[in-house]
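Residue-level structural notes
Here are the chains, one letter per residue:
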Amino acid sequence: PNLKVTSTLGYSFGTYQTTALNWYDAQDPRPDYYRKLPSYWYTSDPSVVDEIADAFRHDSKVRQLDWDYMYQTNYNSLDTGNVLKSKYILENRITDSRQLSFSSIANWNIMPALKVNGGIDMSIYRGRNYKKIDDLLGGEYWLDVDQFIERDLGIGSVPSQNDLDNPNRRVSEGDVFGYDYTANVNNGSLWAVANYIQNRFEYYFGANVSYTEFWRTGDMRNGRFPNNSKGDSEKQRFDNYGFKGGATWKISGRNYLDANAAFLTRAPFFRNSYISPRASNFTIPGLTSEKIASADLNYNLRTPYIKARISAYYTMFMDQTEQKSFYSETENTFVNYTMENIDKVHRGFELGGEFKVSPTITLNAAAAFGAYQYVSRPTVTITKDNTGDIVASNKTIYVKNFYIPSTPQTAATFGFRYASPKYWFFGASVSYFDDIYIDLNPERRTAEMLLGLEPNDPARKAITSQESLSSQFLVDANVGKSWRIKDYYLNLNFQVANVLDNTDFKTGGYEQLRYALSNEDRNLFTPKYFYAFGRTYYLTVGLRF
């Protein structure tokens, strides 16, 4: 009677697809390609700068993809056999995911003051990653080779073959091409938590052990890595553990103080573990589990008219690994950029409250003040994507004290809600966001980037400083009503997000990883930004029975 066991078996499956442009032996069709922007012409032909800038401002065709041009280019691209060879295509990048999961949880009431929960979790994940031809844009086939390797090593070279078992393969719409591999991830964990309850105090302590095993299965033999791309890679296994504990002090029936602390290790993610997962089985040397240490302190107030909480938190992330791929100006080829020994800290305060002004009117307020920063100097290994050659090893990245990107580190909101006794409601809120930083190009924070610059040279700050986006306000509103129709409940909710249509709100952004070294070309690859949606309407209808 004091033991309850609940077991669950589940299977999930799904597909994620996104289309992208690809081109071969043709100019980059993107309107923001750096050679099409005014900044590219400042030094080579200043006379056309104003002309190009004016075209971007007033001609919508200049700012958009020129589909007619791409179709016409394909129509004019006859090969020696008088067949249309596409130079522009749309490809569909696909991830098909399948996961089998099992969990069993036991709840054991040993005595009224002591309860123990424990369980086992297991999962088997398979994610196939590949791409298909989505649209040949008027052409009749696409040649499945790597154009960048052909540029470096010559047409017909073995490394340029994406599928070495089918060289120079002509693919049509719906065909798989380019890459095809499966991510295999097996997880298992055992955990337990003990809770001890007294009149004024509650305590808990928990622990877990886990294992993670993953490997890559290639279904194409890539020409760059003919002996290490097809079939199963070596399996990577990580054994991890964690501890957590906390206590609650019931100062009174309306005032509570609680504290929590945890330390755990976590296996690296599959996506950050392979140097070039689309092409090879090579893993990042020295893979290790990351460590996470966290603590928080909270005060809670509960009265008939006020519900509020104040929290302080501190979390350390240690020994993380990140992987980036981009075109390097110094190497004149695509490179894989593997950063290791990344340490981060998230710390801050949060407070929030709900205030019952009357039986029908409720006020809500919340604020968060954080500082999320890098606290280490990671090291990087750079390899050429074409050959796997190492061009730099244990290179120091000076990002210590820089900010974690693309999230507001200061935010606040204030709102109200009116709930009528006749089952309709209306509400609105004003939100404020600040201290938003864009993502860094780590290569700009290296000693090599500053060679030849004097300590007081303004270029040093221009190269290394991190951009902070401007603060912004948003206003949201909603109205709704519910009806009871016999044993059914009908709910209607209409919401307007960003009522003032603030389209200048930059929610985040990133420095381009491609970066020119010379003073004249330093502004060719400027940051790119994400913007909030303008005024947006939502209508939700729900039926409950």
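Now for a quick tour of the structure. (Residues numbered from 1 in each chain as written. Predicted model: local features only at pLDDT ≥ 70, side-chain atom pairs only at ≥ 80, totals over all residues. Heavy atoms only, no water.)

Considering unusual backbone geometry
- Even without glycine at this site, Asn 82 takes up a positive phi of about 65°.
- The topology assignment puts Asn 82 in the loop between helix 2 (67-75) and strand 2 (88-111).
- Taking the relative accessible area as the measure of exposure, Asn 82 reaches 57% and is therefore exposed.
- Although it is not a glycine, Lys 486 sits at a positive phi angle of roughly 55°.
- In this fold, Lys 486 is placed in the loop between strand 21 (472-485) and strand 22 (488-497). (Helix = DSSP H or I, 4+ residues; strand = E, 2+ residues; numbered from the N terminus. Buried < 20%, exposed > 50% of the residue type's maximum accessible area, 1.4 Å probe, protein only.)

A closer look at the environment of Phe 369
- Structurally, Phe 369 is set in strand 14 (residues 361-374).
- In sequence terms Phe 369 and Arg 460 are 91 residues apart; their C-alpha atoms lie 30 Å from each other.
- With residues up to four places along the chain from it excluded, the contact list for Phe 369 reads Arg 347, Gly 348, Phe 349, Leu 351, Gln 409 and Thr 410. (Contact = heavy atoms within 4.5 Å.)

Some words on the side chain of Lys 324
- Position of Lys 324 relative to the elements: it lies in strand 12 (residues 306-328).
- Buried and unpaired, Lys 324 has Asp 439 as its nearest opposite-charge partner, separated by 4.2 Å.
- Each residue touching Lys 324, except ones within four places of it in the same chain, is listed here: Val 335, Asn 336, Tyr 337, Met 339, Asp 439, Pro 442 and Leu 513. (Lys, Arg positive; Asp, Glu negative; His and termini not counted. Salt bridge = Lys/Arg side-chain N within 4 Å of Asp/Glu carboxyl O.)

Comments concerning the packing of aromatic side chains
- Within this structure, the stated rule accounts for 30 aromatic pairs.
- Judged by centre distance (5.5 Å) and plane angle (25°), the rings of Phe 433 and Phe 505 are stacked. With Phe 433 in strand 18 (residues 424-434) and Phe 505 in the loop between strand 22 and strand 23 (506-510), this pair connects stretches of sequence that are 72 residues apart.
- Taking the ring centre of Tyr 130 as reference, the NZ or CZ of Arg 128 above it sits at 3.9 Å.
- Of note, Arg 271 hangs over the ring of Phe 269, and the distance from its end group to the ring centre comes to 4.7 Å. (Phe/Tyr/Trp six-rings, centres within 6.5 Å; stacked < 30°, edge-to-face > 60°. Lys NZ or Arg CZ within 6 Å of the ring centre and 35° of its normal.)

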